[in-house]
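Here is how the chains run, residue by residue.
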Number of protein chains: 2
Amino acid sequence: MKKSKKLINSSRRNFLAGSATMAGLAAVATTIPTISIVEAADAKKPDAPKSLPDFVKWKKGSTLIVHSDKGIETKRGDIGAGIVTPLRSVYIRNNLTTLTDKQIGKRSNWKISIEGVKKPTSFTLAQLQSMGQTTVATVLQCSGNGRKFFPHKPSGSKWETGAAACLIWTGVPVSTVAKACGGIVDNAKFMTGTGADLPADNKDPKANLVERSVPRDKYEDSILAWEVNGVDIPNAHGGPLRLVVPGYFGINNIKHIGKLAFTAKESEVKNMASSYRVYPVGQKGSPKFPTCWEMNVKSWITSPMKKAKSGSVVISGVAFGGTSSVSGVEVSVDGGKNWNSAKFVGPDLGKYAWRQFVYETKLKPGKYNIASKASAWSGTQPEKRMENNRGYLNNSWKDHSLDITVS
Amino acid sequence: MKKSKKLINSSRRNFLAGSATMAGLAAVATTIPTISIVEAADAKKPDAPKSLPDFVKWKKGSTLIVHSDKGIETKRGDIGAGIVTPLRSVYIRNNLTTLTDKQIGKRSNWKISIEGVKKPTSFTLAQLQSMGQTTVATVLQCSGNGRKFFPHKPSGSKWETGAAACLIWTGVPVSTVAKACGGIVDNAKFMTGTGADLPADNKDPKANLVERSVPRDKYEDSILAWEVNGVDIPNAHGGPLRLVVPGYFGINNIKHIGKLAFTAKESEVKNMASSYRVYPVGQKGSPKFPTCWEMNVKSWITSPMKKAKSGSVVISGVAFGGTSSVSGVEVSVDGGKNWNSAKFVGPDLGKYAWRQFVYETKLKPGKYNIASKASAWSGTQPEKRMENNRGYLNNSWKDHSLDITVS
């Protein structure tokens, strides 16, 4: 059976490449009962609100929902209308424990080794900073954002919309670093990033290491970032150095990165081989299923969320195309029967960022189901989610619609 | 003598309209001794570092220079490389005491009266939010930014580069509000904003009221903003409602706005009539001199500031055109003898925002004077500042150059 790793947006089943494997997956998706694969500690914890864990005490708790110490989401209405998500409200999804200042030591001395290049080299952060600098705005989104809406209750945090943020990253282009190392080796097919956050005494690195491979050519617009939203990347968000792979789901954006290698094969650690795979409900993850790479087209309304006053109503939210610019958004106030063009407002931060949309209308008192549906060159947001065991890649417009009361 | 209020960038004396008044001003600018006009309390205080005043205790003190309780600037190297300035490091320049939560009350009930329209109306913030929503990124800059470099020691905070920030504002277009009020009265020549922050028992409103008039047509891209960088506008930055006049100096962006009027005449309060006027050293401000409206083309380097290691060096900073897009930046490492094109990096947030520039070079050990020079359609940053009594509008590239040691 052919592997299908490339995620392509196309019409309704918009994240699946047209392989035999995935066609089969789609056909059986809703018929197989759930089995429980626990991906991380957060899956075992209840969803009740909790106070912020110590390592993110600096965040604004009132804007966040704490699923666990390793899963904290932004409340749907607290993402802000200003495009760039304030750090104090940005979600947390950790596989390992965030490194402490003590573990990190002097930030400028942080080291990364570059491998799979003609002259393998180790650089300090200070050295990287002397090599080049660029900035990119990206949507950072957990693969499981929208998991809450899956009826089979997948394990893992029950994210609604808040495991996503639009952030501005500054760092050195990976291409600059690769060039300084004499270029990439000829047989490389993947760019593989490895976090330095696995404790040295860990007995089973394969089970826990955060290591992810992405297609080799993705190095062309990836960066090694030390700054986010104008400040040093906080430890909780993977500082002092994080790999940013624009348009790719959060897991590929390796925190605390210690090694970047151009490799002939995909990593074989669990986080690559079986976790973050998209497969039918009830099956087990394996390399034969697509991995969570490219984000799909998506949007959601952030205001109003429950109530509005009759008369003029401003319906607003965010939309993004994944790896291509979002080209349009439609808004429905009748549960998807009729659609109206929303307008984009504010600056366009580039194809990897989200855009704000606004639809200004007049509503009489009553109950409404409001929904948004984004389009990009790759397709349009589908009505229905693609069922899959771990609840990944949900971009269903219907799931993300809101029931509001206008009075 | 003809009034000259329109500030136009043109070649070296790039903020002055070509009126007789201003030509005269330019000719005498360096020859008249300083007189002291104290514009605000901060002028009386020493420049020594101080701790943050209570109303901005939430800011990151290590990134700021406290000139006074009403004048706090961002350290030159702490602006961030990520385009949008983090709020925790954004400068403070107050004419009046920041309103407290208690004084403001429930934010959604904040009121603004719209006058000089066919149907004068008062709106609450909640009502404004139901009328429309847009977002704009602007450079917010104090007229006196760069005052430190004036040799005649003008009164007021000795700002270097840090009385400036690039911010993302969300609010309702003034044009939407004006339309809802039946349109602007026919004889209006100015849009006049008035702060609600003058205590009711103030005996001399004319002396203290923050009220500014800008040309009427500026309403077309101005907004009444309630959000900055994704959060409710902090009180210290003029929340819950602030007038944002893109491309115009900070003073025109009225904090705590309580009234917006379309008027036949300019306001006659001191902050309009004599303060914020650009006039020869030793003279007194009056309406016959240009007021601080449009920002002029400007740039400055933020890294490196003092030292660099020999070999690869990344020189970076910010540049903006004022009211038009910045079109290019050149960097010199030899005090302006030779210039090299820098590249812009990162997203373009629109013509009113600044852009980040980067010049990657190799430097041998030694001493260098590094400078940046930005261009916009309106002209190029001049070598020399335009001398003026209060130290406004300094965009001299020479003043903003840095002496660094490469070792």
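Residues numbered from 1 in each chain as written. Chains lettered and ligands numbered in written order. Predicted model: local features only at pLDDT ≥ 70, side-chain atom pairs only at ≥ 80, totals over all residues. Heavy atoms only, no water.

(A) Region of the structure containing the overall build of chain A. Helix and strand content of chain A: six helices and 23 strands. Buried residues in chain A amount to 63% of all 407 residues. Across chain A, the fraction of contacts at a sequence separation of at least 24, relative to all contacts at a separation of at least 6, is 72%. Looking at chain A as shown, the accessible area adds up to about 15400 Å², and 52% of this sits on carbon and sulfur atoms. (Helix = DSSP H or I, 4+ residues; strand = E, 2+ residues; numbered from the N terminus. Buried < 20%, exposed > 50% of the residue type's maximum accessible area, 1.4 Å probe, protein only. Contact = heavy atoms within 4.5 Å. Areas by Shrake-Rupley, 256 points an atom, 1.4 Å probe, with all protein chains shown as cover.)

(B) Spotlight on the packing of aromatic side chains. Taken as a whole, this structure holds 18 aromatic pairs over all chains when the rule is applied. Plain terms: the ring middles of Tyr 279 of chain B and Phe 289 of chain B are 5.5 Å apart, the flat faces sit at 35° to each other, and that makes the pair tilted. In this pair, Tyr 279 of chain B sits in the loop between helix H6 (270–273) and strand E14 (298–303) while Phe 289 of chain B sits in the loop between H6 and E14, placing the two residues 10 residues apart along the sequence. Owing to a relative accessible area of 2%, Tyr 279 of chain B belongs among the buried residues under this scheme. Under the relative-accessibility criterion, Phe 289 of chain B is labelled buried at 3%. Three or more aromatic residues joined by ring pairs make a cluster, and in this case those are Trp 300, Phe 320 and Trp 354 of chain A. Note that Arg 385 of chain A overlies the ring of Phe 150 of chain A, its terminal NZ or CZ placed 5.7 Å from the centroid. (Phe/Tyr/Trp six-rings, centres within 6.5 Å; stacked < 30°, edge-to-face > 60°. Lys NZ or Arg CZ within 6 Å of the ring centre and 35° of its normal.)

(C) Broad picture of the confidence of the model for chain A. Predicted confidence across chain A gives a mean pLDDT of 89, with 88% of residues reaching 70 or more. For the stretch residues 1–48 of chain A, pLDDT sits under 50, and the model shows 123 contacts to residues farther than four places along the chain or on other chains. (pLDDT = per-residue confidence, 0-100.)

(D) Seen up close, the sheet that holds strand E13 (residues 257–263) of chain A. All names here are of chain A. On the basis of which strands lie adjacent, the open sheet formed by five strands has the order E5-E4-E13-E8-E9 and mixed pairing. In this open sheet, the two edge strands, each paired with only one partner strand, are strand E5 (121–124) and strand E9 (211–215). Pairs of neighbouring strands in the sheet enclose a mean axial angle of 20°, with direction left out of account. Both strand E8 (residues 190–195) and E9 contribute to a ladder of five bridges, which runs antiparallel. (Pairing = 2+ DSSP bridges. Axes fitted to C-alpha atoms, helices over the stretch in contact; angles between N-to-C directions.)

(E) View of the pattern of salt bridges. Following the criterion strictly, the structure yields 27 salt bridges over all chains and no others. Lys 343 of chain A is paired through a salt bridge with Glu 360 of chain A; the nearest N and O atoms lie 3.3 Å apart. Here Lys 343 of chain A, found in strand E19 (residues 343–345), pairs with Glu 360 of chain A, found in strand E20 (residues 355–363); they are 17 residues apart in sequence, far enough to count as distant. Residue Glu 360 of chain A is classed as partly exposed on the basis of its relative accessible area, which comes to 35%. Between Glu 387 of chain B and Arg 385 of chain B there is a salt bridge; the shortest N-O distance is 2.4 Å. We classify Glu 387 of chain B as buried; its relative accessible area is 10%. Each of Arg 76, Lys 148 and Glu 160 of chain A takes part in a single network of salt bridges with overlapping partners. (Salt bridge = Lys/Arg side-chain N within 4 Å of Asp/Glu carboxyl O.)

(F) Structural detail: the relation of the copies chain B and chain A. When chain B is fitted to chain A, the best match, at an RMSD of 0.0 Å, comes from turning it 180° and sliding it 0.0 Å along the axis. Taken together, the rotation and translation relating the two chain copies correspond to the operation of a two-fold axis. Judged by C-alpha distance, Leu 349 of chain B is the residue of chain B that lies nearest the rotation axis, at 3.3 Å. Looking at chain B, 100% of its interface residues are interface residues in chain A too, so the copies touch through the same face. (Least-squares fit on C-alpha atoms with pLDDT ≥ 70 in both.)

(G) Structural context of the environment of Asp 334 of chain A. Residues and elements named next belong to chain A. Within the secondary structure layout, Asp 334 lies in the loop between strand E17 (326–332) and strand E18 (340–341). Residues Asp 334 and Asn 369 lie 35 residues apart in sequence; the distance between their C-alpha atoms is 5.4 Å. Polar side-chain contacts of Asp 334 include one of 3.1 Å to the backbone nitrogen of Lys 337. (Polar contact = N/O pair within 3.5 Å; in protein donor to acceptor, adjacent residues only side chain to side chain.)

(H) View of the nonpolar core. In this structure, Leu 128, Leu 224 and Trp 354 of chain A together with Leu 128, Leu 224 and Trp 354 of chain B are the most contacted members of the largest nonpolar core, which totals 120 residues. Apart from the residues within four sequence positions on either side, Leu 128 of chain A is in contact with Ile 112, Phe 123, Val 172, Val 177, Leu 224, Trp 226 and Leu 241 of chain A. (Core = buried A, V, L, I, M, F, W, Y, C linked by side-chain atoms within 4.5 Å.)

(I) Inspection of the interface of chain B and chain A at higher detail. Each partner contributes residues to the interface: chain B has 33 residues there, and chain A has 33 residues. Between chain B and chain A, roughly 2400 Å² of surface is buried when both sides are summed, and carbon and sulfur atoms account for 58% of that area. At the surface where chain B touches chain A, the tally comes to zero salt bridges. Counting the contacts that link chain B with chain A gives 12 residue pairs in polar contact (both at pLDDT 80 or more). Where the side of chain B that touches chain A is concerned, the elements lending two or more residues are strand E6 (134–141), strand E7 (164–173), strand E16 (311–320) and strand E20 (355–363) of chain B. Considering every element that reaches the side of chain B that touches chain A, the biggest residue donor is E16 of chain B, with four residues. Here the residues of the side of chain B that touches chain A sort into 14 nonpolar, 15 polar and four charged. (Buried area = accessible area lost by both parts, 1.4 Å probe. Nonpolar A, V, L, I, M, F, W, Y, C, P; charged D, E, K, R; others polar.)

(J) Just the environment of Cys 181 of chain B, in detail. Residues and elements named next belong to chain B. Tracing the sequence through the fold places Cys 181 in the loop between helix H4 (174–180) and strand E8 (190–195). For the pair Cys 181 and Ser 286, spaced 105 residues apart in sequence, the C-alpha separation works out to 33 Å. Cys 181 has contacts with Ile 114, Val 117, Lys 118, Lys 119, Thr 121 and Phe 123, leaving out every residue within four places of it along the chain.

(K) The pairing of strand E7 (residues 164–173) of chain A, seen in detail. All names here are of chain A. Of all 10 residues in E7, 10 are buried; the element is thus mostly enclosed. Of the pairings in the sheet, the one linking strand E6 (residues 134–141) to E7 comprises eight bridges and is antiparallel in character. Residue Ala 137 lies in a different strand from E7, and its bridge partner there is Ile 168. In this structure, E7 lies alongside strand E10 (residues 223–228), joined through five bridges in antiparallel fashion. By the bridge assignment, Trp 169 is partnered in E10 with Val 228.

(L) Examining the side chain of His 400 of chain A more closely. Residues and elements named next belong to chain A. Looking at where His 400 falls in the secondary structure, it is placed in the loop between strand E22 (379–380) and strand E23 (402–406). Polar contacts involving the side chain of His 400 include one to the main-chain carbonyl oxygen of Ser 396, which spans 2.7 Å. Beyond its immediate chain neighbours, meaning those up to four positions away, His 400 contacts Arg 76, Gly 146, Phe 149, Glu 160, Thr 161, Lys 298, Ser 299, Trp 300, Asn 394 and Asn 395.

(M) Structural detail: the side chain of Asn 394 of chain B. All names here are of chain B. On the secondary structure map, Asn 394 appears in the loop between strand E22 (379–380) and strand E23 (402–406). Within the structure, the side chain of Asn 394 is placed 2.9 Å from the side chain of Asp 399, a separation counted as a polar contact. With residues up to four places along the chain from it excluded, the contact list for Asn 394 reads Asn 145, Gly 146, Phe 149, Phe 150, Lys 298, Arg 385, Asp 399 and His 400.

(N) Layout of the sheet that holds strand E3 (residues 92–93) of chain A. All names here are of chain A. Strand order in the open sheet formed by three strands is E1-E2-E3, with antiparallel pairing between adjacent strands. Every other strand in the sheet has two partners, leaving strand E1 (64–68) and E3 as the edge strands with one partner each. Here E1 pairs with strand E2 (residues 71–74) via four bridges, running antiparallel. Each bridged residue has a counterpart across the sheet, and for Leu 64 the counterpart in E2 is Thr 74.

(O) Inspection of the pairing of E16 of chain B at higher detail. Residue and element names in this part refer to chain B. Most of E16 is tucked away: eight of the 10 residues are buried. When E14 meets E16, the two strands line up antiparallel, connected through five bridges. Residue pairing for E16: Ile 301 is matched across the bridge by Gly 317.

(P) View of the state of the cysteines. Residue and element names in this part refer to chain B. Going through the model one piece at a time under the given rule, you end up with zero disulfides over all chains. Not engaged in a disulfide, the cysteine Cys 142 finds its nearest cysteine sulfur in Cys 292; these two sulfurs lie 8.4 Å apart. Exposure remark for Cys 142: the relative accessible area of 6% places this residue in the buried category. (Disulfide = S-S within 2.5 Å.)

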